[in-house]
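Fold and geometry: a report
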Amino acid sequence: MSPVSSETDIAPRHAFPRPSELAPPPKYERLAWAGPLGWVLVTLAAVATVGVAALGRVSIAGAALVLLVLFGSRPLLVRLSKNRHDTDLENVLRVGLGLKFLLVLPRYELRQDSVDYHVVGRSLADSFRDFDFFVDPGRAIPGTGSVRYLTGLIQLVTFGDEFATFVVFALLGFLGLAFYVRAFVHALPSVDPGRYAVVLMLWPSLAYWPSSTGKEAVVTFGLGLTAYGLARLLTGRYRSAVPALVGLAITGMVRPHVALIAITAAAAALILHSRRDATSGIGVRLALVAALMGFGSVLSDAVERLFQVEDLNVSSVSAALDLANYRSAQGGSSFVAARIDSVADVPWGVTTVLLRPFPHEATSAPGLVAAVEGLVLAVLLFGAVPRLVAALRHLRQEAYVGYVVAFVGTFVFLFSALGNFGILTRQRTMMTPLLLVLIALPTARERVRARRLAAGR
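Parameters and conventions
- Residues numbered from 1 in each chain as written.
- Predicted model: local features only at pLDDT ≥ 70, side-chain atom pairs only at ≥ 80, totals over all residues.
- Heavy atoms only, no water.
- Helix = DSSP H or I, 4+ residues; strand = E, 2+ residues; numbered from the N terminus.
- Buried < 20%, exposed > 50% of the residue type's maximum accessible area, 1.4 Å probe, protein only.
- Contact = heavy atoms within 4.5 Å.
- 1 Å grid on protein atoms, 1.4 Å probe; cavity = no way out; pocket = protein on both sides within 12 Å on 5 of 7 lines; lining within 4 Å.
- Points joined across faces, edges and corners; volume = space filled by probe spheres on them.
- Nonpolar A, V, L, I, M, F, W, Y, C, P; charged D, E, K, R; others polar.
- Salt bridge = Lys/Arg side-chain N within 4 Å of Asp/Glu carboxyl O.
- Expected span 1.5 Å × (residues − 1).
- Polar contact = N/O pair within 3.5 Å; in protein donor to acceptor, adjacent residues only side chain to side chain.
- Phe/Tyr/Trp six-rings, centres within 6.5 Å; stacked < 30°, edge-to-face > 60°.
- Core = buried A, V, L, I, M, F, W, Y, C linked by side-chain atoms within 4.5 Å.
- Patch = residues over 30% accessible without salt bridge, like charges linked within 9 Å, V, L, I, M, F, W, Y side chains within 5 Å.
- Areas by Shrake-Rupley, 256 points an atom, 1.4 Å probe, with all protein chains shown as cover.
- pLDDT = per-residue confidence, 0-100.

Now for the overall build of the protein chain. Of the regular secondary structure elements, the protein chain holds 21 helices and 0 strands. Each of the 457 residues in the protein chain was classed as buried or not, and the buried ones make up 53%. A separation of at least 24 residues holds for 77% of the contacts in the protein chain among residues at least 6 apart in sequence.

In structure tokens, the structure reads:
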């Protein structure tokens, strides 16, 4: 009979050691700049908002709300950044908050769709004050009608103030990004989240587009909450199914097809996940997958109504993509869509959805910013290839990466049908927070170094 194995012999081998297996690392010195930069951006946003309010461009009440958020949000930032001894995430989140509300002002000046939401929302708020909550928003629910209805509810609190309502939606967009950071912390507990948090909070399109009264802010919040709940689920915290399902419901009420992408990716991650340090929870995960599939069937009906198809199958999806191509390929930013219909179309389709427009294709200032952003993203993704390859070897232990890959891959396939750079740039914000996870993954060398450190303790 072989001798009884020691506790060390039977201990599970993780792809990356858990925090308890590592000595507390030193403070992440490269983030020392985040503290002063955060307060500089917050101060600039406050001064700019007060100045614009003095000129009568925004309301006094809305400006006061901005100041309250900027200088009264420390308890929230501390809560969102807790349990990290190696990175001052509070300062990084403050950087993102300051940048977000600095860009709210130009976003408000260039508002278009949000004006419609404001007008209809104010009318809905009048009905809500009379306790008539079954009033018709005038557009489909799920879809645009959901955002109109939410705008009306928010305007009950903001008393119909357009800029104050704008600020609330911008705050929702910021909270969505913060939930993505929390998801990273839970999903990859032994990886310093500093790189991911910094890039996410400073990414121009994420700071700008989900900062107005409209769908982008709500969907960013919903998908961020979904990612947070799923990341906790994958670490055995099954009560976190609640925030995950709430996030999916919020996303589904606005963009049911995007929620369906998230459901598919989440189900794949739950099936793929294997916790080597526990044999329990398999039944719970299977039940969660079944619940996701049931929720997905409900969303499928909403998607069918949205895209005017009788059933979701290969032919109907193709017809829906044709319709999306036709609707989007208009205006000054239109281009020939890089539709993915075969394997040969994948490289150009991926390049288009992730990186275009190129600088020579930009026809406006926002387009030029998007082009520069695409070049930076190309460099970051090229450097992330070894990180992704190393992570793919451990997908069963780091299933959140599987969620990222599945979501991004499905998103690229479906949105390759778009033929307008303006629309594509805005829609891409739904996928970018997950795509940026890839640049913060540990390399194979970092994994080996961490395992050696853990083994030497």
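From this point, the discussion proceeds with the structure in view.
Residue placement: Gln-427 occurs in helix α19 (residues 421–427). Relative accessible area serves as the criterion here: at 12%, Gln-427 is assigned to the buried category.

Under the counting rule described, the total for this entry stands at 2 cavities of 30 Å³ or more. Reported here for the second largest cavity is a volume of approximately 70 Å³. Around the second largest cavity, the lining residues are Trp-203, Ser-205, Leu-354, Ala-370, Glu-373, Gly-374, Leu-377, Thr-425, Arg-428 and Thr-432. Here the element with the most residues in the lining of the second largest cavity is helix α17 (residues 365–392); it accounts for 4 residues. Each residue belonging to the lining of the second largest cavity can be placed in one class, and the counts come to 4 nonpolar, 4 polar and 2 charged.

In this section: the pattern of salt bridges. If you walk through the whole model with that rule in mind, you get 10 salt bridges. Arg-57 is paired through a salt bridge with Glu-109; the nearest N and O atoms lie 2.7 Å apart. Of the two residues, Arg-57 is situated in the loop between α2 (34–54) and α3 (60–72) and Glu-109 in helix α5 (residues 89–109); the sequence distance between them amounts to 52 residues. When the shortest N-O distance is used, the salt bridge between Glu-361 and Arg-356 registers 2.6 Å. Three or more residues are tied together by salt bridges with common partners; here these are Arg-74, Glu-90 and Arg-94.

This next bit is on helix α8 (residues 162–187). Look at α8: 38 Å from first C-alpha to last across 26 residues, which is about the 38 Å you get at 1.5 Å a residue. The buried fraction of α8 amounts to 24 of the 26 residues, a majority that puts the element mostly inside the structure. With a side-chain oxygen positioned 3.1 Å from the backbone nitrogen of Phe-163, the residue opening α8 is Asp-161.

Turning to the packing of aromatic side chains, a few remarks are in order. Considering all chains together, one arrives at 14 aromatic pairs under this definition. On the numbers, 5.5 Å between centres and 40 degrees between planes, the contact of Phe-179 with Tyr-228 is tilted. Of this pair, Phe-179 sits in helix α8 while Tyr-228 is found in helix α11 (residues 215–233), placing the two residues 49 residues apart along the sequence. Summarising the burial analysis for this pair, Phe-179 and Tyr-228 share the class buried. With centroids separated by 4.0 Å and ring planes inclined at 10 degrees, the aromatic side chains of Phe-411 and Phe-415 adopt a geometry described as stacked. One end of the pair, Phe-411, and the other, Phe-415, are both in helix α18 (residues 399–415), 4 residues apart, so they sit about a helical turn from each other. Summarising the burial analysis for this pair, Phe-411 and Phe-415 share the class buried. Ring pairing ties together the aromatic residues Tyr-400, Tyr-403, Phe-407, Phe-411 and Phe-415, which thus form one cluster.

Considering soluble globular proteins, one finds that nonpolar side chains tend to be buried as a cluster. With 109 residues, the main nonpolar core has Phe-101, Phe-163, Tyr-180, Tyr-400, Tyr-403, Phe-407 and Leu-436 as its most contacted residues. Looking at which element gives the most residues to this core, the answer is α8, with 17 residues. Apart from residues no more than four positions distant in its own chain, Tyr-403 is found in contact with Thr-226, Leu-230, Ala-262, Ala-265, Ala-266, Ala-269 and Leu-434.

The subject of this paragraph is a nonpolar patch on the surface. A surface patch of nonpolar side chains, about 400 Å² in accessible area, is lined by Trp-33, Leu-37, Val-40, Leu-44 and Leu-202. At 3 residues, α2 tops the list of elements feeding residues into the nonpolar patch. Considering the arrangement of structural elements, one finds Leu-37 in helix α2.

Across the protein chain, the average pLDDT comes to 84, with 79% of residues at 70 or higher. Across residues 18–28, where pLDDT falls below 50, the model places 25 contacts with residues more than four positions away in sequence or in other chains. The model gives residues 276–280 a pLDDT under 50, and that stretch makes 7 contacts with residues more than four places away or in other chains.

Note the cis peptide between Ile-141 and Pro-142, where omega equals 0 degrees. Note that Pro-142 resides in the loop between α6 (113–129) and α7 (144–158). That bond from Arg-356 to Pro-357 is cis: its omega, 15 degrees, falls within 30 degrees of zero. Mapped onto the secondary structure, Pro-357 falls in the loop between α16 (346–355) and α17. For Phe-131, which is not glycine, the phi torsion reads 65 degrees and is therefore positive. For Phe-131, the position within the fold is in the loop between α6 and α7. We classify Phe-131 as exposed; its relative accessible area is 70%. The phi angle at Phe-159 is positive, at roughly 55 degrees, despite the residue not being glycine. Structurally, Phe-159 is set in the loop between α7 and α8. Note on Phe-159: relative accessible area 68%, which makes it exposed.

Moving on: the environment of Pro-193. Counting through the fold element by element, Pro-193 comes out in the loop between α8 and α9 (194–202). Once the C-alpha coordinates of Pro-193 and Val-181 are considered, the two residues, 12 residues apart in sequence, prove to be 7.4 Å apart.

Glancing now at α6. Between its terminal C-alpha atoms α6 stretches 24 Å, which fits the 24 Å expected from 17 residues at 1.5 Å a residue. Taken as a whole, α6 has its buried residues at Ser-114, Tyr-117, His-118, Val-120, Gly-121, Leu-124, Ala-125, Ser-127 and Phe-128. Looking one or two residues past α6, Phe-131 carries a phi angle of roughly 65 degrees, positive in sign.

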